[in-house]
Amino acid sequence: MGVEGGMKCIKYLVFFFNFIFWLCGIALIALGILVQIKIKNTLVITNPASASAAPIVILSVGVIVFFISFFGCCGAAKENYCMVTTFAVLLTLIFLVEIAAAIAGYIFKDKVRTMIKNEIQEEMNEYSNSSDVKKTLDGVQKEFSCCGITDYTDWFNVTKPDPGKVPASCCKNATDCTKNPTPNNTYEEGCVKKLELWLRKHIVIVAAVALGIAFFEILGIIFSCCLMKGIRSGYEVM
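This is a predicted model, so every value here is computed, not measured. (Residues numbered from 1 in each chain as written. Predicted model: local features only at pLDDT ≥ 70, side-chain atom pairs only at ≥ 80, totals over all residues. Heavy atoms only, no water.)

(A) Here's a closer look at the overall build of the protein chain. The helix and strand tally for the protein chain stands at seven helices and zero strands. Starting at the N terminus, the α and β elements of the protein chain follow one another as α-α-α-α-α-α-α. Burial statistics for the protein chain: of 238 residues in total, 34% are counted as buried. Long-range contacts, defined as pairs at least 24 residues apart, comprise 70% of the intrachain contacts of the protein chain with a sequence gap of at least 6. When the accessible surface of the protein chain is split by element, carbon and sulfur atoms take 67% of a total near 13,700 Å². (Helix = DSSP H or I, 4+ residues; strand = E, 2+ residues; numbered from the N terminus. Buried < 20%, exposed > 50% of the residue type's maximum accessible area, 1.4 Å probe, protein only. Contact = heavy atoms within 4.5 Å. Areas by Shrake-Rupley, 256 points an atom, 1.4 Å probe, with all protein chains shown as cover.)

The structure is reproduced here in structure tokens:
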């Protein structure tokens, strides 16, 4: 029977796309963990809740996708109309959430610079009072070859009552510029610009991965609906 063969093909396609979703779920979980570690090692966050929002969302979506893909495989294997329908509905909801998150990310993308600026300023203010902040900010300035918020002169207002100094992590080529900083012996660019460029670069990568996942989700929804129709019509798809 032509219909039987077609439905059997769709059943296997549902299996295939669920396997892809399962791999995507694992990838998102790993990405969320890596983003959280990178944020923790880059900035001493003054507002942990807002800073951890992005990796928590990525982790949550990864876990949900992981379990939904398993659920979809069971539904297709048992040819259970209710399970396949639930899978299609949940996959549609995830797709809509991803669209909403993408729109929100685009709307609030300009606030990234302000958030980074505020965090760097807070760390500079606490630089002399906290060894953890000092270690973290020194690491950022060395890793990104940057100094201060916009340039090294931002440190002059922080090192009062002994202005005019910069941390050793601002110095280029291992020279001692702490007491006599100049554009020649310090990193000229500020950390806000460097961190913003780094974030934008990685956001593009995340967006490309998300688009790929969304494409497979659409195909998964379509094939699940076809399988639902076949199961409901009473065709044998063994």
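(B) Inspection of the packing of aromatic side chains at higher detail. Inspection of the entire model under this criterion finds three aromatic pairs. Both rings, one in Y127 and one in W155, keep their centres 5.0 Å apart while their planes meet at 75°; by these two values the pair is edge-to-face. Linking Y127 in the loop between α5 (111-125) and α6 (131-143) with W155 in the loop between α6 and α7 (191-232), this pair joins segments that are 28 residues apart in sequence. Ring geometry for F144 versus W198: centroids 6.4 Å apart, planes at 85°, classification edge-to-face. (Phe/Tyr/Trp six-rings, centres within 6.5 Å; stacked < 30°, edge-to-face > 60°.)

(C) Representation of the side chain of T178 in the model. In this fold, T178 is placed in the loop between α6 and α7. When near neighbours in sequence (up to four residues on either side) are disregarded, T178 contacts G164, K165, V166, P167, A168 and C171.

(D) Seen up close, the state of the cysteines. Enumeration over the complete set of coordinates arrives at three disulfides. Note on cysteine connectivity: C146 is disulfide-linked to C191, with sulfurs 2.1 Å apart. The chirality of the disulfide connecting C146 with C191 is right-handed, given an S-S dihedral of about 90°. Of this pair, C146 sits in the loop between α6 and α7 while C191 sits in helix α7, placing them 45 residues apart in sequence. In this structure, C146 and C191 share a single accessibility class: buried. C225 forms no disulfide, and the closest cysteine sulfur to it belongs to C226, at a distance of 7.0 Å. We classify C225 as partly exposed; its relative accessible area is 39%. (Disulfide = S-S within 2.5 Å.)

(E) Structural view of the pattern of salt bridges. According to the stated counting rule, one finds three salt bridges in the structure shown. Between K134 and D138 there is a salt bridge whose closest N-O contact spans 3.3 Å. Taken together, the residues span about one helical turn, with K134 and D138 both in helix α6 at a distance of four residues. Accessibility expressed as a relative area gives 38% for K134, which makes it partly exposed. What makes D138 buried here is its relative accessible area of 12%. Across the salt bridge formed by E189 and K193, the nearest N and O atoms sit 3.3 Å from each other. With relative accessibility at 32%, the residue E189 sits in the partly exposed group. One connected set of salt bridges, linked through shared partners, spans E189, K193 and K194. (Salt bridge = Lys/Arg side-chain N within 4 Å of Asp/Glu carboxyl O.)

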